[in-house]
Amino acid sequence: MSAMAYVSITPLGKDESVSQYVSRAVKVIKESGLGWRLTPMGTIVEGEKIDDVFRVIGQAVEELSDCNRISVSVKVDYRRDREPGMDEKVDSVMKKLGE
């Protein structure tokens, strides 16, 4: 099984730049032991079990307990027939592009 989530965790009502908060949430994801990749607009989290992915997202949100309001957007790809492999998904598209 493979569960992959694209998540954006952003505090509302804070400074214009929120990187100091986002970095705290990403640190939780990084230290979780799950696969992850930071992008300019969010973070991809990948694991074998969907419960593990959602648990880590919840912990990342709770890391920002000093923020009264947090916007969380999540997009999930859950497959029962594959092992985790975010790199393979990208490689497949790149091969089709001839790169």
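As the structure is a computational prediction, the values presented were derived from the model and not from experiment.

Rules and cut-offs
- Residues numbered from 1 in each chain as written.
- Predicted model: local features only at pLDDT ≥ 70, side-chain atom pairs only at ≥ 80, totals over all residues.
- Heavy atoms only, no water.
- Helix = DSSP H or I, 4+ residues; strand = E, 2+ residues; numbered from the N terminus.
- Buried < 20%, exposed > 50% of the residue type's maximum accessible area, 1.4 Å probe, protein only.
- Contact = heavy atoms within 4.5 Å.
- Expected span 1.5 Å × (residues − 1).
- Arc of directions from axis to C-beta.
- Core = buried A, V, L, I, M, F, W, Y, C linked by side-chain atoms within 4.5 Å.

Caption draft 1: Layout of the overall build of the protein chain. When its secondary structure is counted, the protein chain shows three helices and four strands. Going residue by residue from the N terminus, the α and β elements of the protein chain occur as β-α-β-β-α-β-α. For the protein chain, the spread of C-alpha atoms along the principal axes amounts to about 45 × 30 × 20 Å. Burial status across the protein chain gives 29% buried among its 99 residues. For the protein chain, restricting intrachain contacts to residue pairs at least 6 apart in sequence, the fraction spanning at least 24 positions comes to 74%.

Caption draft 2: Expanded view of helix 1 (residues 19-30). Counted at 1.5 Å a residue, the expected span for helix 1 with its twelve residues is 16 Å, and the 15 Å between its end C-alpha atoms agrees. Among all positions in helix 1, only Tyr21, Ala25, Val26, Val28 and Ile29 are buried. Buried residues along helix 1 cover an arc of 150° about the axis, so they all sit on one side. Residues of helix 1 that are exposed and angled more than 90 degrees away from the buried face: Lys27 and Lys30. Where the residues of helix 1 are buried, they touch strand 1 (2-11), strand 2 (35-39), strand 3 (42-47) and helix 2 (50-62).

Caption draft 3: Spatial organisation of the nonpolar core. One finds Val7, Ile9, Ile29, Val45, Val53 and Ala60 to be the most contacted residues of the largest nonpolar core, which totals 18 residues. Of all the secondary structure elements, the ones that give two or more residues to this core are strand 1, helix 1 and helix 2. In terms of residue count, helix 2 provides more of this core than any other element does, five residues in total. With residues up to four places along the chain from it excluded, the contact list for isoleucine 29 reads Val7, Trp36, Thr43, Val45, Val56 and Ala60.

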